[in-house]
Amino acid sequence: MRAIVLDEIAGPLAVREVGEPEVPVGGVVISAVATGLCRSDWHAWAGHDDIALPHVPGHEFAGVVASVGPGVTKWTAGDRVTAPFVEGCGACEWCLAGNAQVCPQQQQPGFTHWGSFAEQVVIHAADTNLVAVPDGVSFEAAASLGCRFATAYRALTGRAGLNADEWVTVIGAGGVGLSTVMIAKALGGNVIAVDRNPAALEVAARLGADHVLTAAGSDIPAQVHALTGGSHVSVDAVGSEQTCADALLSLRRRGRHVQIGLLPPVEGHPRVPMARVIAWELDVFGSHGMAAADYPGMLALIESGALEPQKLIERVIGMDEAAEMLPRLDTAKLAGMTMIDPTR
């Protein structure tokens, strides 16, 4: 099969022929039809995650089951499926409680094993981790759910507990940030979107953001407080000391912050304004994707038309273009999601 292969950390990527994966016990092999290009893939390329080389990135995808391993009872070849980017083992106390996203034995395509920037990808513990894609949902839209859309949904519902009419400040208007904007509006929230890219802010406004703020050279917390008195909920969808601090300082007293963007350490540890967290009794939540068990509520909103993930997709590219784009993803000024067609 064709795949995008990384041979050295932060090195060039090449599209080449590699061996097809073997179907594992309890797992499936999926023919990928669409897969998303995500900033998390850039983190793996840059060496922020522990990966074994050579490596195939890619962790959010949708496709068709190609082969089924022994022990799988819920899925057959030909099924339209997607999966969260975290694969739970299916047997531990966290998986059995529906929290596979924090499974201690978790696997992640594109990180712990070869991912979906290929014609085929493996999913382990398929009965725990696969999600059926309704016929009315495109493969591109379904691929957006596995990381960014699902992460945003759980961040607002399962972590921050967003209520109608509350203010949400979303720092970063990339794929997960724009997903957060859409979901917050669908849940009845009011949204301020922040980004340094004017094109991304235009998309956020089109998707329903009540206010958009340009990050470059401005005091974001002061502007948020002037507009709202401080937001009830903040989301850092980027992952840097500056974006995390802006999100936390944008909150009102007793506000709730959700950290979605990965936060690489600077001089050993990321520096965040914990004095404000303590003095104002802010709640700080991590959010690490969403288990397959939590998909029904999100899919119900999609099938009802309240959420339209396909609106986030700005472009579909082939694997050669994706191999060139991934190393530049941290500085690229892209609006919306980029989807890869592995057959191109």
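Further up the page is the structure itself.
Residue positions are given per chain, counting from 1 as you read along its sequence in written order. In view of the model being predicted, local features appear only for residues whose pLDDT reaches at least 70, and side-chain atom pairs are presented and counted only at 80 or more, with totals across whole chains, interfaces and linings using the full set of residues. Hydrogens are left out, water is left out, and the side-chain values use all remaining heavy atoms of the structure.

> What is the right way to read unusual backbone geometry from this model?
Backbone phi values are negative for most residues with the exception of glycine, while trans is the configuration of most peptide bonds. Going from L53 to P54, the amide bond is cis rather than trans, its omega being -5°. Only DSSP runs of H or I with at least four residues qualify as helices, and only runs of E with at least two residues qualify as strands; both kinds are numbered from the N terminus onward. Examined against the element boundaries, P54 turns out to sit in the loop between α1 (39–46) and β4 (61–68). In the Ramachandran plot, A10 falls in the positive-phi region, its phi being about 60° despite a non-glycine side chain. Throughout this description, buried means an accessible area under 20% of the type-specific maximum (1.4 Å probe, protein chains only), exposed means over 50%, and partly exposed covers the range between. On the accessibility criterion, A10 (43% relative accessible area) is partly exposed. Although it is not a glycine, R254 adopts a positive phi angle of roughly 65°. Here R254 shows up in strand β12 (residues 251–259).

> Mind showing me how you'd approach the packing of aromatic side chains here?
In this description, an aromatic ring pair is defined by two values, namely the gap between the centres and the angle between the planes. Between 30 and 60 degrees the pair is tilted, below 30 it is stacked and above 60 it is edge-to-face, where a pair is any two Phe, Tyr or Trp rings, Trp via its six-membered ring, whose centres lie within 6.5 Å. With the rule as written, the count across this model stands at one aromatic pair. Relative to W45, the ring of W42 has its centre 6.4 Å away and its plane inclined at 40°; by these criteria the two rings are tilted. Here W42 pairs with W45, and both are found in helix α1, just three residues apart, close to one helical turn. Taking relative accessible area as the criterion, W42 reaches 11% and is therefore assigned buried. Taking relative accessible area as the criterion, W45 reaches 12% and is therefore assigned buried. Above the ring of W280, the side-chain terminus of R276 is found at 3.9 Å from the ring centroid. Only when the NZ of Lys or the CZ of Arg is both within 6 Å of the ring centre and within 35 degrees of the ring normal is a charge said to sit over the ring.

> Whenever I open this one, a nonpolar patch on the surface confuses me. Can you help?
A surface patch of nonpolar side chains, amounting to about 270 Å² of accessible area, comprises V272, M274 and I278. As for its position among the elements, I278 is in helix α10 (residues 274–279). Patch construction takes residues with relative accessible area above 30% that form no salt bridge. Like charges are linked within 9 Å, and nonpolar side chains (Val, Leu, Ile, Met, Phe, Trp, Tyr) are linked within 5 Å. With residues, only the protein chains shown are counted as cover, and all accessible areas are computed by Shrake-Rupley using a 1.4 Å probe. One speaks of a salt bridge when a side-chain nitrogen belonging to Lys or Arg is within 4 Å of a carboxyl oxygen belonging to Asp or Glu.

> I would appreciate a short explanation of the environment of M1 in the present structure.
As for its placement among the helices and strands, M1 is situated in the segment before β1 (2–6). For the pair M1 and Y153, spaced 152 residues apart in sequence, the C-alpha to C-alpha distance is 34 Å. Between two residues, a contact is recorded if the distance between any of their heavy atoms is within 4.5 Å. Contact partners of M1, with chain neighbours within four places excluded, come to R16, E17, V18, G19, E20, P21, A118, E119 and Q120.

That's the geometry; what it means functionally is another story.
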